[in-house]
Amino acid sequence: KESSKTIKWYPEYGCALLLAKGVGCTPGVVAWNLISLDLHRFDTMSKVNSNTYEYVDTANATDYEVLHIGTSTQDQTNELMSAFNRFYVEAQALKGSDRSSRG
């Protein structure tokens with residue numbers, strides 16, 4: 001069986017979109033999965049530098065989560081990705097509080 005995977009990485013959101021078709025999927029069907037960072041650990045440390053304290057904050061993801069979004073036909077996938085990319089470009093142009101979700 002022929003299989004293919006497309007991975008689109010969104011580093012500013014800490015996630016990747018995985019589109020898979022073929023092996024493990026019904027022929028002609030594309031499975032949509034979102035892979036996101038998980039189990040974040042936040043640390044704040046202080047250190048003395050030139051007789052003053054400096055604080056250093058770090059955040060590390062120690063795991064990931066795979067969320068199954070759904071399935072589509074190849075034609076639907078092309079349409080959905082086109083719409084998604086259009087909305088993504090529009091969202092990238094927003095700044096500050098305009099980037100929050102809009103019910």
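Residues numbered from 1 in each chain as written. Predicted model: local features only at pLDDT ≥ 70, side-chain atom pairs only at ≥ 80, totals over all residues. Heavy atoms only, no water.

A.B. asks: Can you help me understand the overall build of the protein chain in this one?
C.D. replies: Across its full length, the protein chain holds one helix and four strands. Each helix (α) and strand (β) of the protein chain, taken in turn from the N terminus, gives the series β-β-β-β-α. At 20 Å, the protein chain has a C-alpha radius of gyration far larger than the 13 Å of a compact globule built from 103 residues. Projected onto the principal axes, the alpha-carbon positions of the protein chain cover approximately 65 × 30 × 20 Å. Taking all 103 residues of the protein chain together, the buried fraction comes to 19%. Counted over contacts in the protein chain with a minimum sequence separation of 6, partners at least 24 positions apart contribute 41%. Both charge centroids of the protein chain, one from 10 positive and one from 12 negative side chains, sit 4 Å from each other. (Helix = DSSP H or I, 4+ residues; strand = E, 2+ residues; numbered from the N terminus. Rg over C-alpha atoms; globule rule 2.2 N^0.38 Å. Buried < 20%, exposed > 50% of the residue type's maximum accessible area, 1.4 Å probe, protein only. Contact = heavy atoms within 4.5 Å. Lys, Arg positive; Asp, Glu negative; His and termini not counted. Charge placed at Lys NZ, Arg CZ, Asp CG, Glu CD.)

A.B. asks: Honestly, the nonpolar core in this entry has me stumped. Any pointers?
C.D. replies: The nonpolar side chains of a soluble globular protein tend to be buried, and buried together. In this structure, Y10, C15, L17, L19, V30, W32 and M81 together form the largest nonpolar core, which totals seven residues. Only β2 (15–21) and β3 (29–49) provide two or more residues apiece to this core. Ignoring anything within four residues of it in the chain, the contact list for Y10 reads C15, L17, F84, N85 and Y88. (Core = buried A, V, L, I, M, F, W, Y, C linked by side-chain atoms within 4.5 Å.)

A.B. asks: Even after reading the chapter, I still don't get the sheet that holds β3, so can you show me in this structure?
C.D. replies: Hydrogen bonds along the backbone pair up the strands of a sheet, which may run parallel or antiparallel. Overall, antiparallel pairing links the four strands, which are arranged β1-β2-β3-β4 in an open sheet. This sheet does not close on itself; its edge strands, each paired only once, are β1 (4–10) and β4 (52–73). Direction aside, the axes of adjacent strands within the sheet are offset by 15° on average. Looking at chain direction, β2 and β3 are connected through seven bridges and run antiparallel. Counterpart to L17 in the pairing with β3 is L34. (Pairing = 2+ DSSP bridges. Axes fitted to C-alpha atoms, helices over the stretch in contact; angles between N-to-C directions.)

A.B. asks: What should I look at first to understand the confidence of the model for the protein chain in this one?
C.D. replies: Predicted coordinates in regions of low pLDDT should not be interpreted in detail. Per-residue confidence for the protein chain gives a mean pLDDT of 84, with 90% of residues at or over 70. Averaged pLDDT values for the elements of the protein chain fall to 86 in β3 and rise to 91 in β2. (pLDDT = per-residue confidence, 0-100.)

A.B. asks: Would you explain the environment of T62 in this entry?
C.D. replies: Secondary-structure assignment places T62 in strand β4. Expressed as a C-alpha distance, the spacing of T62 and H40, which sit 22 residues apart in the sequence, is 6.2 Å. Leaving out residues up to four positions away in the same chain, T62 has contacts with D38 and L39. At 2.9 Å, the side chain of T62 and the backbone oxygen of L39 are in polar contact. (Polar contact = N/O pair within 3.5 Å; in protein donor to acceptor, adjacent residues only side chain to side chain.)

A.B. asks: What is the right way to read unusual backbone geometry from this model?
C.D. replies: Negative phi is the rule for most residues except glycine; trans is the rule for most peptide bonds. Even without being a glycine, N51 presents a positive backbone phi close to 65°. Within the secondary structure, N51 is located in the loop between β3 and β4.

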